[in-house]
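Here is how the chains run, residue by residue.
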Amino acid sequence: MAFDLVRKRLTKEIKLLTENPTPGIRVVEDFADMRKIRIDIEGAPATLYDGEKFQLLFKFSDQYPFDSPQVTFIGSNIPLHPHIYSNGHICLSILTDDWSPALSINAVCLSILSMLSSCKDKGRPPDNDWYVRTASNDPKKTRWWYHDDAV
């Protein structure tokens, strides 16, 4: 019952994404299980990630949109970026502390593309190895420290 409201919201968001797609963002799942949705994104032109293709996995709880989705990079091409760990976890404030129910799948994807586009040097976070060894599978359980707005 609780997920019915979530399903209604997600159906609306997906319809907008498929009928009026944002360049570089494509919904690819069949939505049999709307708790998990895969999105393909492509690096913006004239950036370090120009033409590179990445996969995001969105996982939704019964509390969405009041609770942020769990968003991770998946697949064999996890971007080399100072805020993206090699296990696919993303250090981005709107995925935790700065989440708002007004945000959407598209807004999250645009924020991630913006983060990639503003990157000056490809590379992993300095604590990547330690984090990947010790982190929960759920990045929302991480207490992120947002200290670098330059990337």
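These numbers were taken from a predicted model, which means no experiment stands behind them.

Caption draft 1: Spotlight on the nonpolar core. If you look at the biggest cluster of nonpolar residues, it comprises 35 residues, and the most contacted ones within it are Ile39, Ile41, Leu56, Ile105 and Ile112. The element that contributes the greatest number of residues to this core is helix α2 (residues 105-117), accounting for 7 residues. Apart from the residues within four sequence positions on either side, Ile39 is in contact with Ile25, Arg26, Val27, Val28, Phe54, Gln55, Leu56, Phe58, Ile105 and Cys109.

Caption draft 2: Focus on the pairing of strand β2 (residues 36-42). Taken together, the 3 bridges between strand β1 (residues 25-27) and β2 define a ladder with antiparallel strand orientation. Bridge pairing in β2 places Ile25 opposite Ile41. Here 7 bridges tie β2 to strand β3 (residues 53-59), and the two strands are oriented antiparallel to one another. Along β3, the bridge assignment pairs Ile41 with Phe54.

Caption draft 3: Inspection of the UniProt feature "active site" (unreviewed entry) in the protein at higher detail. Sequence positions flagged by UniProt for "active site" (unreviewed entry) are, in local numbering, Cys91. Its place among the elements puts Cys91 in the loop between β4 (70-74) and α2.

Caption draft 4: A look at α2. An ideal rise of 1.5 Å per residue puts 18 Å on 13 residues; α2 measures up with 18 Å between its terminal C-alpha atoms. Regarding α2, the residues found buried are Ile105, Asn106, Val108, Cys109, Ile112, Leu113, Met115 and Leu116. Where the residues of α2 are buried, they touch α1 (2-19), β1, β2, β3 and β4.

Caption draft 5: The arrangement of the sheet that holds β2 in detail. Judged by pairing direction, the sheet is antiparallel, and its 4 strands sit side by side in the order β1-β2-β3-β4 without closing on themselves. Each of the sheet's edge strands pairs with one partner strand only, and the pair in question is β1 and β4. Averaged over all pairs of adjacent strands, the angle between strand axes in this sheet comes to 30°, irrespective of strand direction. Here β3 runs beside β4; their pairing, made up of 5 bridges, is antiparallel. Bridging from a neighbouring strand, Phe58 pairs with Val71 of β4. Packed on one face of the sheet, α1 meets β1 and β2 and runs near 125° to β1. This element, α2, spans β1, β2, β3 and β4 of the sheet and lies at about 35° to β2.

Caption draft 6: Up close: α1. For α1, with 18 residues, the first-to-last C-alpha span of 27 Å sits near the 26 Å given by 1.5 Å per residue. For α1, the set of buried residues is Phe3, Val6, Leu10, Glu13, Ile14 and Leu17. In a view along the axis of α1, the buried residues occupy a sector of 100°, so they form one face of it. Residues Leu5, Lys8, Lys12, Leu16 and Glu19 are exposed on α1 and point more than 90 degrees away from its buried face. On the buried face of α1, the contacting elements are β1, β2 and α2.

Calculation criteria
- Residues numbered from 1 in each chain as written.
- Predicted model: local features only at pLDDT ≥ 70, side-chain atom pairs only at ≥ 80, totals over all residues.
- Heavy atoms only, no water.
- Core = buried A, V, L, I, M, F, W, Y, C linked by side-chain atoms within 4.5 Å.
- Buried < 20%, exposed > 50% of the residue type's maximum accessible area, 1.4 Å probe, protein only.
- Helix = DSSP H or I, 4+ residues; strand = E, 2+ residues; numbered from the N terminus.
- Contact = heavy atoms within 4.5 Å.
- Pairing = 2+ DSSP bridges.
- UniProt positions renumbered as here; feature names shortened; annotations may be inferred.
- Expected span 1.5 Å × (residues − 1).
- Axes fitted to C-alpha atoms, helices over the stretch in contact; angles between N-to-C directions.
- Arc of directions from axis to C-beta.

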